[in-house]
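Structure at a glance
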Amino acid sequence: MEEKTLYTLLVYSENIAGILNQITAVFTRRQVNIESLNVSASSIKGVHKYTITAWSNEDQIIKITKQIEKKIDVVKAMYYTDKELFIRETGLFKLATDKVLENPEISRVIRNQEATITEVNPTYVIVMKNGKTQDILNLFHALDDFECVLQYTRSGRIAVTRSKQEEVSDFLEQREAGR
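The following paragraphs examine the structure supplied in this document. (Residues numbered from 1 in each chain as written. Predicted model: local features only at pLDDT ≥ 70, side-chain atom pairs only at ≥ 80, totals over all residues. Heavy atoms only, no water.)

Next up on the list: the overall build of the protein chain. When its secondary structure is counted, the protein chain shows six helices and nine strands. For a compact globule of 179 residues, the expected C-alpha radius of gyration is about 16 Å, and the protein chain comes in at 20 Å, more than 25% above that figure. Judged by the C-alpha coordinates and their principal axes, the protein chain covers about 65 × 40 × 30 Å. Taking the intrachain contacts of the protein chain between residues at least 6 apart in sequence as the baseline, contacts between residues at least 24 apart amount to 75%. When the accessible area of the protein chain is evaluated, it comes to approximately 10,700 Å², of which 48% is carbon and sulfur surface. (Helix = DSSP H or I, 4+ residues; strand = E, 2+ residues; numbered from the N terminus. Rg over C-alpha atoms; globule rule 2.2 N^0.38 Å. Contact = heavy atoms within 4.5 Å. Areas by Shrake-Rupley, 256 points an atom, 1.4 Å probe, with all protein chains shown as cover.)

Nonpolar side chains tend toward joint burial in soluble globular proteins. Among the nonpolar cores identified, the biggest contains 16 residues, and Leu9, Val11, Ile23, Phe27, Ile52, Ile64 and Ile68 are the most heavily contacted of them. Put simply, the parts of the chain that give this core at least two residues each are strand S1 (5-14), helix H1 (19-29), strand S3 (47-56), helix H2 (58-69) and strand S4 (74-80). Grouped together as the second largest cluster of nonpolar side chains are 15 residues, Val109, Ala115, Ile136 and Cys148 included. (Core = buried A, V, L, I, M, F, W, Y, C linked by side-chain atoms within 4.5 Å. Buried < 20%, exposed > 50% of the residue type's maximum accessible area, 1.4 Å probe, protein only.)

Excluding glycine, most residues fall at negative phi; most peptide bonds, likewise, are trans. The backbone phi angle of Gln31 is positive, close to 55°, even though this residue is not glycine. In this structure, Gln31 sits in the loop between H1 and strand S2 (34-41). If you check the backbone angles, Glu147 has positive phi at about 55° while not being a glycine. As for its position among the elements, Glu147 is in the loop between helix H5 (133-145) and strand S8 (149-154). Exposure remark for Glu147: the relative accessible area of 60% places this residue in the exposed category.

Glancing now at the pattern of salt bridges. Scanning all chains against the criterion turns up five salt bridges. Linking Asp59 and Lys63 is a salt bridge whose minimum nitrogen-to-oxygen distance equals 3.3 Å. On the criterion of helical spacing, the pair formed by Asp59 and Lys63 is a turn pair, its members being four residues apart in helix H2. Residue Lys63 is classed as partly exposed on the basis of its relative accessible area, which comes to 38%. Among the salt bridges present, the one from Glu89 reaches Arg154, with a minimum N-O distance of 2.5 Å. Of this pair, Glu89 sits in strand S5 (residues 85-96) while Arg154 sits in strand S8, placing them 65 residues apart in sequence. (Salt bridge = Lys/Arg side-chain N within 4 Å of Asp/Glu carboxyl O.)

Time to look at the sheet that holds S2. Within a sheet, neighbouring strands are paired by backbone hydrogen bonds and run either parallel or antiparallel to one another. If you trace the four strands from one edge of the open sheet to the other, you get S2-S3-S1-S4, paired in antiparallel fashion. Bordering the open sheet on either side are S2 and S4, each of which pairs with just one other strand. Along the sheet, successive strands turn relative to each other by an average axial angle of 15°, direction set aside. The pairing of S2 with S3 spans seven bridges and is classified as antiparallel. In the strand pairing of S3, Asn38 is matched with Thr51. Along the sheet, H1 contacts S1, S2, S3 and S4; its crossing angle with S3, the most-contacted strand, is approximately 15°. Packed on one face of the sheet, H2 meets S1, S3 and S4 and runs near 170° to S4. (Pairing = 2+ DSSP bridges. Axes fitted to C-alpha atoms, helices over the stretch in contact; angles between N-to-C directions.)

This part covers the pairing of S5. Sheet analysis places S5 next to strand S9 (residues 158-161), joined by four bridges and oriented antiparallel. When the sheet's bridge partners are listed, Leu85 is paired in S9 with Thr161. With eight bridges joining them, S5 and strand S7 (residues 124-131) adopt antiparallel strand pairing. Paired with Phe93 across the strands is Val127, a residue of S7.

A few words on the packing of aromatic side chains. Within this structure, the stated rule accounts for three aromatic pairs. Aromatic pair Phe140 and Tyr152: ring centres 4.5 Å apart, planes at 25°, arrangement stacked. Placement of Phe140 in helix H5 and of Tyr152 in strand S8 is noted, with a sequence separation of 12 residues between them. Judged by relative accessible area, which is 18%, Phe140 ranks as buried. Look at Tyr152 and you get partly exposed, because its relative accessible area is 27%. Within the aromatic cluster, the residues linked to one another by ring pairs are Phe93, Phe140 and Tyr152. Stacked on the ring of Tyr124, the Lys or Arg Lys94 has its end atom at 4.5 Å from the ring centre. (Phe/Tyr/Trp six-rings, centres within 6.5 Å; stacked < 30°, edge-to-face > 60°. Lys NZ or Arg CZ within 6 Å of the ring centre and 35° of its normal.)

So this is what it looks like as structure tokens:
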């Protein structure tokens, strides 16, 4: 059995209702689970960017990318490995205030992991950590060892390519020149 790699797909489309469903259906048909999904406006006016992560082999991810690109409202779809991208996520942690106040080691862990306390009230403390997935998971495990975590969530991945501009920009310029 071929080893799976975590791939990040960057999909650019017009902002049309229903396109997200069409994109996720491609993964469903191929029985590939989406690990994270983030959708936002891109740096190109009128174009939205979907950042999707999934564990797959390269052959399958190529097929998925090509199928997504066939969708009428999709401008461009590309897949990447982690070393080809600059990646970040955000983790939010709700901690029990009484446990945080009882144990100064919890605050030390938060500072050492470069996280930020964003709110404190009598019931809970909100901690935010920006970084790579593993950095956020490390903080979660460290805090969970203190049994102080009330809630935890992690955002979907956001990513930009390591190239000078979004690769879809080159594609759109070439398409315009060909008209």
